[in-house]
Amino acid sequence: MSSLRVLRLIALLEGISLVLLVFVAVPLKRVADRPELVQIIGPIHGILFLLFVVKTLSFAVERNWKFKEITWKVLLACIIPFGPFYVDYQILRKIDQ
Amino acid sequence: MYYYLLIAHSIFRWLAFFGLVVSLILFGVKFIQRKSFSPTDDLLRHSTATLFHIQLIIGMLLLAKSTLVLQFWQDTQVGFANVQLTFFGLLHPLLMFVAIIIITIGSAKAKRMKEDVAKFRTVLLWFGIGFLLLMVAIPWSFSPWVSRPNFRPF
């Protein structure tokens, strides 16, 4: 698997984990007082997030991306719910082709 | 679980650190002797970065479970007054993350370089900066901030 494919896979997983965390796990913890899901998804999301940041920077440097044009968008997307899906569709998918 | 992760993080530190030191020495010698950047060198460059990424993942899991980290963030005023809490709650994760980003960037930059001399110089510079950060932020037994065993029994 090419490093771009790895990055896209991590982006996808990171996006899913963020959505699950923000829209399912955290409401369950705050409203229903059931923190179990946060305890599981929290660290998983943390790992995927760190991996995503590291892989994005690594790939950006390798491919000589302009930080002001591409890199900042990709990095910002991973803290916004559904952001990774958008960036994957708009940016990463096009680079992959 | 926490204890096993801690042991893994402690042992894996040596693997990653060893990879970095070997890279620095080998690349340093080859750079001075104007040798070519062989496929083995490339493997070493990439493996070293990967070892640090694995160490980052173990560290992240520890961060989520550590009571020291929790204690630091529950009351940061008390946290900052305590060297050990500040170190594990803030300094260690932050410095290590920066160090790993630097090592990753260095590795990626070198991959792009065309000339062998440039490859060696790039890796040496970025890995060197990463090495300095590691020396500061690893809780060595001789660390002036927090002392932890170099080898944890298990």
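Our subject is the structure that appears above.
What counts as what
- Residues numbered from 1 in each chain as written.
- Chains lettered and ligands numbered in written order.
- Predicted model: local features only at pLDDT ≥ 70, side-chain atom pairs only at ≥ 80, totals over all residues.
- Heavy atoms only, no water.
- Helix = DSSP H or I, 4+ residues; strand = E, 2+ residues; numbered from the N terminus.
- Buried < 20%, exposed > 50% of the residue type's maximum accessible area, 1.4 Å probe, protein only.
- Contact = heavy atoms within 4.5 Å.
- Areas by Shrake-Rupley, 256 points an atom, 1.4 Å probe, with all protein chains shown as cover.
- Lys, Arg positive; Asp, Glu negative; His and termini not counted.
- Charge placed at Lys NZ, Arg CZ, Asp CG, Glu CD.
- 1 Å grid on protein atoms, 1.4 Å probe; cavity = no way out; pocket = protein on both sides within 12 Å on 5 of 7 lines; lining within 4 Å.
- Points joined across faces, edges and corners; volume = space filled by probe spheres on them.
- Nonpolar A, V, L, I, M, F, W, Y, C, P; charged D, E, K, R; others polar.
- Expected span 1.5 Å × (residues − 1).
- Bend = angle between axes of the 7 residues up to and from the residue.
- Axes fitted to C-alpha atoms, helices over the stretch in contact; angles between N-to-C directions.
- Parallel < 35°, antiparallel > 145°, perpendicular 65-115°, else oblique.
- Left-handed = near helix turned anticlockwise from the far one by under 90°.

Things to note about the overall build of chain B
Phase 1: Looking only at helices and strands, one finds six helices and zero strands in chain B.
Phase 2: The linear arrangement of helices and strands in chain B, starting from the amino end, is α-α-α-α-α-α.
Phase 3: Principal-axis analysis of the C-alpha atoms places the extent of chain B at approximately 55 × 30 × 25 Å.
Phase 4: The 154 residues of chain B split such that 47% are buried.
Phase 5: Considering only intrachain contacts with a sequence separation of at least 6, the fraction spanning at least 24 residues in chain B is 70%.
Phase 6: Surface accessibility of chain B: about 8300 Å² in total, with carbon and sulfur atoms responsible for 72%.
Phase 7: Seen as two clouds, the 14 positive and the 5 negative side-chain charges of chain B have centres 3 Å apart.

Points about the overall build of chain A
Phase 1: When helices and strands are counted, chain A shows four helices and zero strands.
Phase 2: When the elements of chain A are put in sequence order from the N terminus, they spell out α-α-α-α.
Phase 3: By its C-alpha atoms, chain A is 45 × 20 × 20 Å across when sized along the principal axes.
Phase 4: In chain A, the share of contacts with a sequence separation of at least 24, taken over all contacts with a separation of at least 6, comes to 61%.
Phase 5: For chain A, the exposed surface amounts to about 5500 Å²; the carbon and sulfur share of it is 66%.
Phase 6: Separation of charge centres in chain A, based on 12 positive and 7 negative side chains, amounts to 5 Å.

Topic: the layout of surface pockets
Phase 1: Roughly 1400 Å³ of volume is contained in the largest pocket.
Phase 2: Lining the largest pocket are 48 residues, and of these Gly59, Met60, Leu62, Leu63 and Pro93 of chain B sit closest to its centre.
Phase 3: Elements with a minimum of two residues in the lining of the largest pocket: helix 1 (3-30) and helix 2 (36-62) of chain A together with helix 1 (2-32), helix 2 (39-65), helix 3 (67-74) and helix 5 (83-112) of chain B.
Phase 4: Residues belonging to the lining of the largest pocket are distributed by class as follows: 31 nonpolar, 13 polar and four charged.
Phase 5: The computed volume of the second largest pocket comes to approximately 280 Å³.
Phase 6: Lining of the second largest pocket is provided by 18 residues; of these, Ser3, Lys55, Ser58 and Glu62 of chain A together with His46 of chain B occupy positions nearest its centre.
Phase 7: Secondary structure elements with two or more residues in the lining of the second largest pocket: helix 1 and helix 2 of chain A together with helix 2 and helix 5 of chain B.
Phase 8: It is helix 2 of chain B that provides the largest number of residues to the lining of the second largest pocket, a total of five residues.
Phase 9: Residue classes in the lining of the second largest pocket are distributed as six nonpolar, eight polar and four charged.

A short note on the environment of Ala110 of chain B
All names here are of chain B.
Phase 1: Following the sequence through the fold, Ala110 ends up in helix 5.
Phase 2: Taking the C-alpha atoms as reference, Ala110 lies 7.4 Å from Phe120; in sequence the two are ten residues apart.
Phase 3: Once residues lying within four places of it in the same chain are set aside, the contact partners of Ala110 are Arg45, Lys119, Thr122 and Val123.

With respect to helix 1 of chain A
At 3.6 residues per turn, the α-helix brings residues three or four places apart onto the same side.
Residues and elements named next belong to chain A.
Phase 1: The end-to-end C-alpha separation of helix 1 is 38 Å, in line with the 40 Å expected for 28 residues at 1.5 Å each.
Phase 2: Remark: the principal bend of helix 1, roughly 40°, maps to Leu21.
Phase 3: Within helix 1 the residues assigned to the buried category are Leu4, Leu7, Arg8, Ile10, Ala11, Glu14, Gly15, Ser17, Leu18, Val19, Leu21 and Ala25.
Phase 4: On its buried face, helix 1 sits against helix 2 and helix 4 (83-96).

Here's the deal with the packing of helix 2 of chain B against helix 5 of chain B
Residue and element names in this part refer to chain B.
Phase 1: Relative orientation of the contacting elements helix 2 and helix 5 amounts to 155°, with a least axis distance of 10 Å. Between helix 2 and helix 5, the interaxial angle falls into the category roughly antiparallel. The chirality of how helix 2 crosses helix 5 is left-handed. Residue-level contacts link Arg45, His46, Ala49, Phe52, His53, Leu56 and Leu63 of helix 2 to Phe88, Pro93, Phe97, Ile100, Ile103, Thr104, Ser107, Ala110 and Lys111 of helix 5.
Phase 2: Across the contact of helix 2 with helix 5, the residue classes tally to ten nonpolar, four polar and two charged.

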